[in-house]
Amino acid sequence: MASSYYIPLEEPSRRGLHSRMLNVFLVLSAILNLALLCFFTLTNRPVFDGFQDVPYVYSPAENVVRYKTIKFTRGFLDEISIYERDPSAAVDNAWRNLHSFERTKMSTSEAMRMLNTTWPLEREPGQYMFALDVFHQLHCLDVLRKEVYRDYGYKHVPMNHIRHCVGAIRQALMCAADISPIVWQWSEKGQIVERRDDILHVCRDFDQIRDWASERTWRAMESDFHVHGKNNSTVAVESG
């Protein structure tokens, strides 16, 4: 069992005073974050405006972002999640439920705040097409997963699509630049010091973002991507 194979990273008795101090810090941090969130909400200012050294790019989903701590799994022993298991209908469905919200829509007022213009959804006046990149990135990871298990019967993916997905995931990882500290611990079973990457991370609440996106999805039709405005020009969001 994984619990006896390693020293549990989250075991309170081994943390002692450090754990209590950390808990106090987390509580104070949560209170401060809540106060900041209330301030930005009441003043109708973007959350990042308070940090002068952080560039700001608007996203329609920015107000739904919440944070929580998650202990990662390694994919070894008894910690193999459904996403890392061998192909099956259940595994495919689990992956589909991660990224099936790529096509979402936003209102004109939201589109007006976008850094980049986007395309109107002609069938729904006042709505514009967009996608949250997290779902695109998960789609790409799923593409690579299926390519690994091509013998299962998955459709072959062209190399240019694979290259695109490798680039998308690489850029996303470098953009996030996760600085959570991985540690090394002694393994009694292996009689060696091993790297432990099943550590606690501070993460955006993915379920919250997915639930938000699920309420804005639209079913694509081929005609949605072949609509032009007057004089055969792209219908773009006006800048003001």
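Up top you'll find the structure we're talking about.
In this text the structure is predicted, and so the values were computed from the model without any measurement.

Engineer: I'd love a proper account of the overall build of the protein, names of residues and values included.
Structural biologist: Helices and strands together make up the secondary structure of the protein, namely seven helices and six strands. Traced from its N-terminal end to its C-terminal end, the protein shows the element sequence α-α-β-α-β-α-β-α-α-β-β-β-α. The buried share of the protein, reckoned over its 240 residues, is 27%. Within the protein, contacts between residues at least 6 apart in sequence are counted, and of these 67% link residues at least 24 apart. Accessible area of the protein: about 16,800 Å², with a carbon and sulfur share of 58%.

Engineer: I'd like to hear about the nonpolar core, residue by residue, with values.
Structural biologist: One finds Ala61, Val64, Phe101, Met106, Ala111, Tyr128, Phe130, Leu132, Phe135, Ile209, Trp212 and Ala213 forming the largest nonpolar core, which totals 12 residues. If you list the elements that add at least two residues to this core, you get β3 (127–130) and α7 (206–214). Top contributing element to this core by residue count: α7, with three residues. With sequence-adjacent residues up to four places away left out, Ala213 is seen in contact with Phe101, Thr104 and Phe135. Counting seven residues, the second-largest nonpolar core is a separate cluster that includes Cys140, Val143, Val157 and Ile162.

Engineer: Before we move on, could you go through the state of the cysteines and cite the residues and values that matter?
Structural biologist: Per the counting criterion, the structure on display carries one disulfide. A sulfur-sulfur distance of 2.4 Å marks the disulfide that ties Cys140 to Cys165. An S-S torsion of about -65° defines the bridge between Cys140 and Cys165 as left-handed. Note that Cys140 is positioned in helix α5 (residues 133–148) and Cys165 in helix α6 (residues 159–176), a separation of 25 residues in sequence.

Engineer: Quick one: what's the story with unusual backbone geometry, residue by residue and with numbers?
Structural biologist: The backbone of Ala177 sits at a positive phi, close to 45°, despite the residue not being glycine. Among the structural elements, Ala177 can be located in the loop between α6 and β4 (183–187). Since its relative accessible area comes to 42%, Ala177 is described here as partly exposed. The phi angle at Gln191 is positive, at roughly 50°, despite the residue not being glycine. Along the chain, Gln191 turns up in the loop between β4 and β5 (192–196).

Engineer: Outline α5, supporting the account with residue identities and numerical values.
Structural biologist: For α5, which comprises 16 residues, the first-to-last C-alpha distance of 23 Å matches the rise-based estimate of 22 Å (1.5 Å per residue) to within 8%. Looking at α5, one finds that the buried residues are Phe135, Leu138, Cys140, Asp142, Val143, Arg145 and Glu147. Residues of α5 that are buried in the fold lie against α3 (89–99), α6 and α7.

Engineer: Tell me about a nonpolar patch on the surface, residues and numbers included.
Structural biologist: Side chains of Ile182, Trp184, Trp186 and Val193 sit close together on the surface and give an oily, nonpolar patch of about 420 Å² of accessible area. Take Val193: it is sitting in strand β5. With a relative accessible area of 46%, Val193 lands in the partly exposed category.

Thresholds, definitions, all that
- Residues numbered from 1 in each chain as written.
- Predicted model: local features only at pLDDT ≥ 70, side-chain atom pairs only at ≥ 80, totals over all residues.
- Heavy atoms only, no water.
- Helix = DSSP H or I, 4+ residues; strand = E, 2+ residues; numbered from the N terminus.
- Buried < 20%, exposed > 50% of the residue type's maximum accessible area, 1.4 Å probe, protein only.
- Contact = heavy atoms within 4.5 Å.
- Areas by Shrake-Rupley, 256 points an atom, 1.4 Å probe, with all protein chains shown as cover.
- Core = buried A, V, L, I, M, F, W, Y, C linked by side-chain atoms within 4.5 Å.
- Disulfide = S-S within 2.5 Å.
- Expected span 1.5 Å × (residues − 1).
- Patch = residues over 30% accessible without salt bridge, like charges linked within 9 Å, V, L, I, M, F, W, Y side chains within 5 Å.
- Salt bridge = Lys/Arg side-chain N within 4 Å of Asp/Glu carboxyl O.

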